[in-house]
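Each chain, written out:
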Amino acid sequence: MSTEIYSCRDGQDLKQGKLDYSDIDDRETAEIDAKRRCKLDPTIKRVAYYKVAADGDFRMFFSYTNPHCKPAPKAKPVSLATAARKAAPKKKPEPKPGLLARLKKSIGLT
């Protein structure tokens, strides 16, 4: 018998959350593990533990709701203007001075 652990964020369905597998089989250990998970990731809203049998039967034996849940940061939408923006063209290096300019410089006229 194994244990499936579902962790979901606020507004997310439990089955859409992250799925982990473990060998936790009692409520006390599950509660300690759930509190540890919520402390490591404060955006987790709910953690549920399901015992899964070899024949496919399952049942929930512990569920924990994080009272200190923080909302997950929202991703900034990428606008078409920033996605299509090209890099600035590279500036060309200044050409070397000609023969006359080098001669003037060498004798100190410039």
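Residues numbered from 1 in each chain as written. Predicted model: local features only at pLDDT ≥ 70, side-chain atom pairs only at ≥ 80, totals over all residues. Heavy atoms only, no water.

## Concerning the sheet that holds strand E2 (residues 18-22)
Note the threshold: The criterion for strand pairing is that DSSP finds at least two bridges linking the strands in question. Runs of H or I in DSSP of at least four residues are treated as helices and runs of E of at least two as strands, each being numbered from the N terminus. Every angle, taken between N-to-C directions, lies between 0 and 180 degrees, and every axis is a line fitted to C-alpha atoms, over only the stretch in contact when it is a helix.
Pairing within the open sheet is antiparallel, and its four strands lie in the order E2-E1-E3-E4. At either end of the open sheet lies a strand with only one pairing partner, and these are E2 and strand E4 (58-65). The average undirected angle you get between the axes of adjacent strands in this sheet is 20 degrees.

## Let's talk about the packing of aromatic side chains
To keep things clear, this is the line we draw: Ring geometry is summarised as follows: Phe, Tyr and Trp rings, the Trp one being its six-membered ring, pair when their centres sit within 6.5 Å, and such pairs are stacked at plane angles under 30 degrees, edge-to-face over 60 and tilted between the two. The cut-offs for exposure are 20% and 50% of the maximum accessible area for each residue type, with area from a 1.4 Å probe on protein chains only; residues under the lower value are buried, those over the upper are exposed, and the others partly exposed. Here, a charge over a ring is recorded when the distance from Lys NZ or Arg CZ to the ring centre is within 6 Å and its angle to the ring normal is within 35 degrees.
Tallied over the entire structure, the rule returns four aromatic pairs. Centre to centre, the rings of Tyr-6 and Tyr-50 are 5.7 Å apart; their planes meet at 90 degrees, and the pair counts as edge-to-face. In this pair, Tyr-6 sits in strand E1 (residues 2-9) while Tyr-50 sits in strand E3 (residues 44-52), placing the two residues 44 residues apart along the sequence. With relative accessibility at 9%, the residue Tyr-6 sits in the buried group. Consider the rings of Tyr-50 and Phe-58, whose centres lie 6.0 Å apart with planes at 65 degrees: the pair is edge-to-face. Here a set of aromatic residues connected by ring pairs shows up, and it is made of Tyr-6, Tyr-50 and Phe-58. Over the face of the ring belonging to Tyr-50 we find Lys-15, whose NZ or CZ atom lies 4.6 Å from the ring centre. Lying over the aromatic face of Phe-61, Lys-51 brings its terminal NZ or CZ to 5.1 Å of the ring centre.

## A short note on helix H1 (residues 27-40)
This is how it is decided: Multiplying 1.5 Å by the residue count of a helix minus one yields the expected span of that helix. In this description, the arc belongs to the directions extending from the helix axis to the C-beta atoms. Pairs of residues are marked as contacts when any of their non-hydrogen atoms sit within 4.5 Å.
For H1, built from 14 residues, the straight-helix expectation of 20 Å at 1.5 Å per residue is met to within 8% by its first-to-last C-alpha distance of 20 Å. Those residues of H1 that sit buried are Ala-30, Asp-33, Ala-34, Arg-37 and Cys-38. Here the buried residues of H1 occupy an arc of 135 degrees about the axis, which is enough to place them on one side. Residues of H1 that are exposed and point over 90 degrees away from its buried face: Glu-28, Ile-32, Lys-39 and Leu-40. Where H1 is buried, its residues meet E1, E2, E3 and E4.

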